[in-house]
Amino acid sequence: MFDRYARLTQARRALAAARLEEALRLLSDPLVASHRRAEDLREKVFAALVARAERRRREHDPEGALADVRAVLVWQPEHAGALALEPQLRQAVAAAELSAGASRDAAREIRALLDAGDLAAAETRLAQAGPTGSASPTLAALQSAVASRRARADVVAQQAAAALARRDASAARELVAQALALDRAHVAAAGLAREAAEMAAQGLAEAVGADLRRGDIPTACARLSRGETEWPDLGRAKAAQGIRQRVLASLQAEFERDLGAGRLREVISAYEGLDPRWQAALSSPLAEGLPALRSALAAAAAGDIVTAAQQYALAAEHLDAKAVGKAGQQVVKASREIGVAVDEARVLASGGDLIGARARLEQALAQWPLVRTLQDEMRRMDDGVLERQTRLTAARRLASEGRLREASALALALASPGSAGEEARRLHAELQARIDVVAAGVEQILRAVHGRSSGSIEGIGHSVARLDELAKLQSDHPELPGLRVALEAERKGLELVRDAVTTCRGGRLSADLVAVGEELRDLRPTLLREDRLDARLLELADAAALRGESACARGDLGDAECCGALLAHLRTVLPAVGVHADDLAGRIAAGRARARDEVERGRRALADRELASAESAFETASQAARDDAIVRAFGQELDTVRARMHQLAEVEGMAAKRDFARAHERLASLPPTPALLRTKIFDLKQNLARAQGLDGGFVLRVDEAGEYLVMRRETVSIGNLRDGRADLAVLANISGQHARLQRRMSFHGGMEDHILAERGEVSVGGVPVRDHRLRDGDEVALGGRLRFAYRVPSSRSLTTALRVLGGFHVRGTDRILLMKDRGRDGRILLGRARDAHVSVASESGAEVELYAGLDGQIRVRCDRGGTIDGRPFVGEHPVMAGAAVACGGISFVLLPLGAP
């Protein structure tokens, strides 16, 4: 309540302070959103928002006005004032955005024109953009900027005129550039630029003339180039025309003089520094010859005498011989002498005299140390010597690795005539001698392996070791790898045959024996000769056949099958082994068929409960195939039957000692029972149930609930106690066999209880009957005074109740339960429930069930568990006669009918 009042107060204050958005946010709180006062305040806020939108529209703020209107329509889409304003405001916002966009485009174009110094075009664009002033403050500011730039350009032009008056051409040039940057169409500034260029040209002409009079042509050319760079308009000045002609004439005359290499470089450098248009003014031969002369000077400086001589010759074709100078003549002469030295060195090298060739090049390099041709030739010669040494080193490394064929080929390629090939020739002879030694050793091994002494495992091992030694000497011999593989295969084959024969003659057979046949078959193609192992294979086949026959005789068909599989592999190599293989396969098949026939006979005997015949059949089957899976499984079945018989004997012993609890526990712990013993176990359970004394009925004695007589029979007789033959014997004036209660199952009605008159009168509800089906609430009278009431206490159970009336008792109680025997559907319910057979005021509220199992044994069930004679149990548990049971807050005991 207080929170709602606080929200409404805050919203009211926000409205009074014109904080309309805050007021709307407070009124949207779920705490007050549906309150009547909140509705009234919201209407006031809507009215204030519409009024503010009207004011903003008048103040040319259509966007703010449209925001206020939309805030109202979000809450109240049908608000009349907001709906009327929204279309007008949308149009005003669109028009304002269009006008603002055009103004922004115009302002962008005008700023670009101002940056370019085009003030006239900027003024024209301002006029096209429309009126300026308060309606467009941006355009008004740009108009002011145009006027300001024009005024600044006038001031800077006046400063440039003052600099010219002081004869300061450089300062005037900079000021003129500033004025033209502000207003590129400034008339006065353009005239001042021409005056400054004329003044600069006059000063340059005086300085260049002084340089030429001193004969310093490079300085004059450099000064003229700098002036052209500093004053781009210098070429249009009248004073500059004369100085250009004087410089070009001096440069032309300088090339015609007899110059040395150093002076030529200076003059050419000065020429290259001139403007390209001035270079074109030189004479055509000079312009064509200078590039070649420049290349010649560069090649000579780099030590490339050959190229320098070629370029000097090319320059001489276009220039006067004096222009080439003494440097060209010296280079040409040196080029001829260097060529002779190189030719002589090459002749010596081709003859194998590398030392003499190198000495000739060193002599020429001492005279011309910078000549690239001599340096390159010396480098090539050193590289050739180094490459030869590298290849010789590689040949020695290959020889150390045993790769004699590669090393010999490499040494032979280097064994050239002369002193340079002497070392290679010696190495080749040494390698060839080693190759011959290895070849002779291989021949000896090939002869030895075909002899009788080397055909054993030890002999082949010696041959393999000899091959390994030869491989260390020459690893690239073409026959060594294949020969070693063949000998290793033969040794492995001999070892496999030896081990397999040993196994067949007394070892333990396994799948490895079958794999031996596969390995021998796969090894055969790699042998030197495929028939070298045949004699050994025949020996193995004989051993396998003998072992298979003995295994069949013992019933070890698994061992026999291993031998048969080995013979099957061997017959692919030796067809003669097929006779043994077929004979063994027949024996195995016959033994297995005989064993399985006996197993079938044994299973039939078990089905007929003839254990002795089954065991006899198992013995016969084991003699035929004791390792057969079916035979072993049958043997396990017989072991299970024997174990169960032993356990049942133990249970019978416990029952004989009246240790019924342990007997029941042992029976319950037994695993699934073979069919042979099911009848025996059932009979044993029945005997245990009868031995308990609870089979026909019992007395249920419950603490705080009294005693109940429980009858488990389908037929219960009622008679006089003196006669002593009735199930329900009552000390009353009735006959000894007065009536009978009959329980039967009806197909449609389920369990039915009938009262049948036998030797006395019976009436139900005062009506005499001979056979009457009892219903819940019926009152039955026998004779004159004995009466009892029939009840069906619970729909959850087929057990019904009788209450003896008139002060009569049966075995000390007037309450009788007719229990449906065998099955949980006949359970007796103990507890506080209204439909309980035995009503007990249990504090826990738990319910306890008593029922007879399918074996006739009485069992107790309680979800909360309990104790029997102090021993705890969970769920359900058998109950013995006289055992004290406590569970679910209920305590009771079951007593045999003969107990007091």
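Residues numbered from 1 in each chain as written. Predicted model: local features only at pLDDT ≥ 70, side-chain atom pairs only at ≥ 80, totals over all residues. Heavy atoms only, no water.

A few words now on the overall build of the protein. Each helix and strand in the protein was counted, giving 30 helices and 20 strands. Taken across its 900 residues, the protein has 43% of its residues classed as buried. In the form shown here, the protein has an accessible surface area of approximately 46,600 Å², with 52% of it arising from carbon and sulfur atoms. (Helix = DSSP H or I, 4+ residues; strand = E, 2+ residues; numbered from the N terminus. Buried < 20%, exposed > 50% of the residue type's maximum accessible area, 1.4 Å probe, protein only. Areas by Shrake-Rupley, 256 points an atom, 1.4 Å probe, with all protein chains shown as cover.)

Time to look at the nonpolar core. One finds Leu-487, Leu-520, Leu-537, Leu-540, Leu-567 and Leu-570 to be the most contacted residues of the largest nonpolar core, which totals 60 residues. In terms of residue count, the dominant contributor to this core is helix H22 (residues 480–504) (10 residues). When residues no more than four places from it in sequence are discounted, the contact partners of Leu-570 are Leu-520, Leu-537, Leu-540, Ala-541 and Val-577. Residues Val-699, Val-730, Phe-788 and Val-804 belong to the second largest nonpolar core, which totals 31 residues. (Core = buried A, V, L, I, M, F, W, Y, C linked by side-chain atoms within 4.5 Å. Contact = heavy atoms within 4.5 Å.)

Right, let's get into the packing of helix H19 (residues 404–414) against helix H20 (residues 422–449). For the pair H19 and H20, the least separation of the axes is 8 Å and the interaxial angle reads 155°. Put simply, H19 runs roughly antiparallel to H20. Our pair here, H19 against H20, has a crossing hand that is left-handed. Contacts between H19 and H20 involve Leu-404, Arg-405, Ala-407, Ser-408, Ala-411, Leu-412 and Leu-414 from the first element and Ala-424, Leu-427, His-428, Leu-431, Gln-432, Arg-434 and Ile-435 from the second. Here the contact of H19 with H20 is composed, by residue class, of 9 nonpolar, 3 polar and 2 charged. (Axes fitted to C-alpha atoms, helices over the stretch in contact; angles between N-to-C directions. Parallel < 35°, antiparallel > 145°, perpendicular 65-115°, else oblique. Left-handed = near helix turned anticlockwise from the far one by under 90°. Nonpolar A, V, L, I, M, F, W, Y, C, P; charged D, E, K, R; others polar.)

Taking 1.5 Å of rise per residue, 15 residues should cover 21 Å, and helix H27 (residues 611–625) covers 21 Å from first to last C-alpha, within 8% of that figure. Among all positions in H27, only Leu-611, Ala-614, Ala-617, Phe-618, Ala-621, Ser-622, Ala-624 and Ala-625 are buried. Down the axis of H27, the buried side of the element spans an arc of 155°, and every buried residue falls inside it. Projecting away from the buried face of H27 at angles above 90 degrees are the exposed residues Ala-612 and Gln-623. (Expected span 1.5 Å × (residues − 1). Arc of directions from axis to C-beta.)

With respect to the helices and strands, the residue His-837 is situated in the loop between strand S14 (823–831) and strand S15 (838–839). For His-837, a relative accessible area of 7% puts it in the buried group. Only 2.9 Å separates the side chain of His-837 from the backbone oxygen of Thr-799, close enough to count as a polar contact. (Polar contact = N/O pair within 3.5 Å; in protein donor to acceptor, adjacent residues only side chain to side chain.)

Along any regular strand, the residues point their side chains to alternate faces of the sheet. Buried residues dominate strand S6 (residues 750–757), accounting for 7 of its 8 residues. The pairing of strand S5 (residues 739–746) with S6 spans 8 bridges and is antiparallel. By the bridge assignment, Arg-740 is partnered in S6 with Leu-756. In this sheet, strand S9 (residues 771–773) lies alongside S6 in antiparallel orientation, the contact comprising 3 bridges. (Pairing = 2+ DSSP bridges.)

Moving on to the pattern of salt bridges. Tallying each qualifying case throughout the model produces 39 salt bridges. Residues Arg-603 and Glu-637 are paired through a salt bridge, measuring 2.5 Å at the closest nitrogen-oxygen approach. Of the two residues, Arg-603 is situated in helix H26 (residues 578–607) and Glu-637 in helix H28 (residues 629–656); the sequence distance between them amounts to 34 residues. Of the residues examined, Arg-603 reaches a relative accessible area of 28% and is grouped as partly exposed. Residue classification places Glu-637 among the partly exposed positions, given a relative accessible area of 32%. The network of salt bridges with shared partners includes Arg-397, Glu-401, Arg-403 and Glu-406. (Salt bridge = Lys/Arg side-chain N within 4 Å of Asp/Glu carboxyl O.)

Looking now at the confidence of the model for the protein. Here the protein averages 76 in pLDDT, while 69% of its residues score no lower than 70. Put simply, helix H13 (residues 276–279) is where the protein has its lowest mean pLDDT, 54, and strand S13 (residues 815–818) is where it has its highest, 96. (pLDDT = per-residue confidence, 0-100.)

Look at helix H4 (residues 62–75): 21 Å from first C-alpha to last across 14 residues, which is about the 20 Å you get at 1.5 Å a residue. Buried within H4 we find Pro-62, Gly-64, Ala-65, Leu-66, Asp-68, Val-69, Val-72 and Leu-73.

To continue, consider unusual backbone geometry. At Glu-704, a residue that is not glycine, the phi angle is positive and equals roughly 65°. Inspection of the secondary structure assignment puts Glu-704 in the loop between strand S1 (697–702) and strand S2 (706–711). Judged by its relative accessible area of 76%, Glu-704 falls in the exposed class. You will see that Arg-822, though not glycine, has its phi angle at about 60°, which is positive.

Turning our eyes to something else, we now look at the side chain of Glu-849. Topologically, Glu-849 is positioned in strand S16 (residues 848–852). At 2.9 Å, the side chain of Glu-849 forms a polar contact with the side chain of Arg-824. When neighbours within four sequence positions are excluded, Glu-849 is seen to be in contact with Arg-824, Arg-827, Ile-828, Leu-829, Arg-859, Val-860 and Arg-861.

Attention now moves to the sheet that holds S6. What the 5 strands build is an open sheet, ordered S4-S3-S5-S6-S9; its pairing is mixed. Single-partner strands in this sheet number two, and they are strand S4 (728–730) and S9. Pairwise comparison of adjacent strand axes, ignoring direction, gives a mean angle of 20° for this sheet.

A separate point is the packing of H22 against helix H24 (residues 534–554). Here H22 crosses H24 at 20°, and the two axes come no closer than 9 Å. When the axis of H22 is compared with that of H24, the two are roughly parallel. The handedness of the crossing between H22 and H24 comes out as left-handed. For the pair formed by H22 and H24, the contact residues are Leu-494, Val-497, Ala-500, Val-501, Thr-503 and Cys-504 on the first element and Arg-536, Leu-537, Glu-539, Leu-540, Ala-543, Ala-544 and Arg-547 on the second. When grouped by side-chain class, the residues that make up the contact of H22 with H24 number 9 nonpolar, 1 polar and 3 charged.

Turning next to the environment of Glu-21. With respect to the element layout, Glu-21 can be found in helix H2 (residues 20–27). Spatially, the C-alpha atom of Glu-21 lies 9.9 Å from that of Ala-11, the residues being 10 residues apart in sequence. Discounting chain neighbours no more than four positions away, the residues touching Glu-21 are Arg-52 and Asp-68.

Moving on, we come to the environment of Val-710. Looking at the element boundaries, Val-710 is found in strand S2. For Val-710, a relative accessible area of 0% puts it in the buried group. Val-710 sits 106 residues away from Ile-816 along the chain, and the two C-alpha atoms are 5.9 Å apart. With residues up to four places along the chain from it excluded, the contact list for Val-710 reads Gly-697, Phe-698, Leu-700, Leu-817, Met-819 and Ile-828.

Residues Val-885 and Cys-887 of strand S19 (residues 884–887) are buried on one face, while the alternating residues Ala-884 and Ala-886, pointing to the opposite face, are not. Summarising the sheet, strand S17 (residues 858–868) and S19 pair through 3 bridges and their orientation is antiparallel. Residue pairing for S19: Gly-866 is matched across the bridge by Cys-887. Following S19, the chain reverses through 2 residues before pairing antiparallel with strand S20 (residues 890–896); Gly-888 in that reversal takes a positive phi of roughly 60°.

A few words on the state of the cysteines. Scanning the model with the defined rule gives 0 disulfides in all. Sulfur of Cys-562: no disulfide; nearest cysteine sulfur belongs to Cys-563 and is 6.8 Å away. (Disulfide = S-S within 2.5 Å.)

Mapped onto the elements of the fold, Gly-784 is located in the loop between strand S10 (779–782) and strand S11 (786–791). Note: C-alpha distance between Gly-784 and Val-762 (22 residues apart in sequence) is 9.6 Å.

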